Amino acid sequence: MITTNKLKIFNDPIYGFITIPNSLIYDLIQHPYFQRLRRISQMGMSYLVYPGANHTRFQHALGCMHIMQKAVQTLRFKGVALSDKEETALYIAILLHDIGHGPFSHAMEHSIVEDVHHEEISLFFMNALNVEFDGELSLAIQIFRGEYHRKFMLQLISSQLDMDRMDYLKRDSYYSGVAEGNINSDRLIQMMNVQDDVLVIEEKGIYSVEKFLVARRLMYWQAYLHKTSVVAELILTKILKRAKELTHRGTQLNCSEPLSFFLQHKITVDEFDNSVLKTFALLDDYDVMSAIKSWQFNDDFVLSSLSKMIINRDLLKIVMLDEKAEVEKISDLKIKLAKLYNISERDATYFVFKGKLKNQAYNKETEPISILKKDQTIENLVDSSDQLQVRALSKAVIKYFMCFPKVLLES
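Everything quoted here is computed from the prediction, not taken from an experiment.

Another aspect to go through is the packing of helix H8 (residues 163-176) against helix H10 (residues 206-224). Where H8 contacts H10, the axes come no closer than 11 Å and their chain directions differ by 50 degrees. Taken as axis vectors, H8 and H10 run oblique relative to one another. Where H8 crosses over H10, the two elements pack in a sense that is left-handed. Side by side, H8 and H10 meet where Arg 165, Met 166, Tyr 168, Leu 169, Asp 172, Ser 173 and Ser 176 of the first sit next to Phe 212, Ala 215, Arg 216, Met 219, Tyr 220 and Tyr 224 of the second.

Of all five residues making up strand S4 (residues 198-202), five are buried, and the element is well covered by its neighbours. Alternating residues of S4 divide into Val 198, Val 200 and Glu 202 and Leu 199 and Ile 201, and every residue in both groups is buried. Sheet topology note: the strand S3 (residues 192-195)/S4 ladder contains four bridges and is antiparallel. Counterpart to Val 194 in the pairing with S4 is Leu 199. Counted along the chain from S3 to the antiparallel partner S4, the turn is two residues long, and its residue Asp 196 has a positive phi close to 50 degrees. The pairing of S4 with strand S7 (residues 370-372) spans three bridges and is parallel. For Val 200, the partnering residue across the bridge sits in S7 and is Ser 370.

Moving on to unusual backbone geometry. Comment: phi is negative for the bulk of residues other than glycine, and the bulk of peptide bonds are trans. Positive phi, normally seen in glycine, also occurs at Asp 197, with a value near 65 degrees. With respect to the secondary-structure elements, Asp 197 resides in the loop between S3 and S4. The partly exposed category is assigned to Asp 197, whose relative accessible area is 25%. Despite not being glycine, Arg 313 shows a phi value in the positive range, around 50 degrees.

We now examine the sheet that holds strand S5 (residues 317-321). Taken in spatial order, the three strands line up as S5-S9-S6 in an open sheet, and their pairing is antiparallel. A strand with exactly one partner marks an edge of an open sheet, and here the two such strands are S5 and strand S6 (353-359). Between one strand axis and the next, the sheet turns through 30 degrees on average, direction left out of account. The sheet contact formed by S6 and strand S9 (residues 397-404) spans seven bridges and is antiparallel.

The next thing to look at is the packing of aromatic side chains. Applying the stated criterion to the full structure yields 13 aromatic pairs. Both rings, one in Phe 34 and one in Phe 58, keep their centres 5.3 Å apart while their planes meet at 55 degrees; by these two values the pair is tilted. Taken as a pair, Phe 34 in helix H2 (residues 32-35) and Phe 58 in helix H3 (residues 57-77) lie far apart in primary sequence, 24 residues in all. The pair formed by Phe 34 and Phe 58 is uniform in burial state, with each residue classed as buried. Judged by centre distance (5.9 Å) and plane angle (80 degrees), the rings of Tyr 168 and Tyr 224 are edge-to-face. In this pair, Tyr 168 is assigned in helix H8 and Tyr 224 in helix H10, connecting sequence segments 56 residues apart. For the pair Tyr 168 and Tyr 224, one class covers both residues: buried.

With that settled, consider the environment of Val 352. Examined against the element boundaries, Val 352 turns out to sit in the loop between helix H17 (345-348) and S6. For Val 352, a relative accessible area of 1% corresponds to the buried category. Setting aside its immediate chain neighbours within four residues, Val 352 contacts Ile 330, Leu 333, Lys 334, Leu 337, Cys 403, Phe 404, Pro 405 and Leu 408.

Relative to the helices and strands, Glu 202 resides in strand S4. Engagement of the side chain of Glu 202 in a polar contact is seen with the side chain of Lys 78, the distance being 3.0 Å. Dropping the residues within four chain positions of it, Glu 202 is found in contact with Lys 78, Gln 190, Met 191, Met 192, Asn 193 and Leu 372.

Attention now moves to the environment of Ile 267. Among the structural elements, Ile 267 can be located in the loop between helix H12 (257-264) and helix H13 (274-280). Placed 29 residues apart in sequence, Ile 267 and Gln 296 show a C-alpha to C-alpha distance of 26 Å. Residues within four places of Ile 267 in sequence aside, it is in contact with Val 116, Phe 261, Phe 262, Phe 272 and Val 276.

What follows deals with helix H16 (residues 327-341). Across its 15 residues, H16 extends 21 Å between first and last C-alpha, which sits within 8% of the 21 Å expected from 1.5 Å per residue. For H16, every residue scored as buried is listed here: Ile 330, Leu 333, Lys 334, Leu 337 and Ala 338. Looking straight down H16, one finds that the buried residues subtend no more than 135 degrees of arc, so they occupy a single side. Exposed side of H16, more than 90 degrees from the buried face: Glu 328 and Lys 339 are the residues found there.

The rules we used
Residues numbered from 1 in each chain as written. Predicted model: local features only at pLDDT ≥ 70, side-chain atom pairs only at ≥ 80, totals over all residues. Heavy atoms only, no water. Axes fitted to C-alpha atoms, helices over the stretch in contact; angles between N-to-C directions. Helix = DSSP H or I, 4+ residues; strand = E, 2+ residues; numbered from the N terminus. Parallel < 35°, antiparallel > 145°, perpendicular 65-115°, else oblique. Left-handed = near helix turned anticlockwise from the far one by under 90°. Contact = heavy atoms within 4.5 Å. Buried < 20%, exposed > 50% of the residue type's maximum accessible area, 1.4 Å probe, protein only. Pairing = 2+ DSSP bridges. Phe/Tyr/Trp six-rings, centres within 6.5 Å; stacked < 30°, edge-to-face > 60°. Polar contact = N/O pair within 3.5 Å; in protein donor to acceptor, adjacent residues only side chain to side chain. Expected span 1.5 Å × (residues − 1). Arc of directions from axis to C-beta.

Okay, structure coming up:
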């Protein structure tokens, strides 16, 4: 009988060596559902702006698990009791927190799996794996759903200072080259503690928290909400919407079977059964990109034009505005484009549209970051900080934009 060494290590450019803590985690990582994350990009279409941003959800998930190991170590050292079952459950929950992402991360949620959030799909995957692994994920699912009595455990997975954010800021900063996003996750984790079942940051770590929030704000403007990344993702979303529209009209589009299934069906949360989940698990970036490569030669003007934009990185013009784009201006551009390309005004809406971007680094209303003072009292970060910066970071900044083909500038 051949026995597999399941206590492997990964060599990660961010943290160095990442160890697999036990054989259950190894088996989850080896599962096809998790291996799919190797083929899902972490930053969507951002590689069109930052050529290095080609890293994957797989790398991010492993990084999250690694810093969760550091957090568990720190909390235990500070006297927080954690059983081996709770420890493993935390690793499973953070490892699988993003397993429900579709191709190019967020594009699917706004186009062909419209009404099902990736977190709901993550839960479907976790429930399916729980059946396969004889209930060994039950506690992880309980924590992930916020149903476990120890509240701080959910905060480690999903909060304004969780392991997810700590890894993606550091990792996305590294791969994109946007240095402003680099954070000191080691320092933040060393400052963590638990008081009255709430995750807190010790007072001496307050400046590290502020740096973290500033880094988050800058990463949003410079990377995630970079105008070229935004327009590329919107074009991708519109390609998938157009493909779905044409499929429903009876047009046969060249694409993989899993992608074809989601183009043909409108799936709701209630319809997302095991069969649909298995089909979704076969979808990744390659399905979408190979379809787009084919669709650039399609007879449909809208589908082929949008596909060529992504393939050749010849995107729509995006103009940032201080106020909402005027309806008349958008309408005029649509009419102009419809005449220019001899298409309907309805089809012109695929090329001419408006929108807004919102950036709020810290939300003081929803579960604020708690600071543990030297006298053991707990205070909201906004009240503890002597910096005006945190108050400023709590305000949502909204920017408006409009998109249209560059040809309209020339005509």
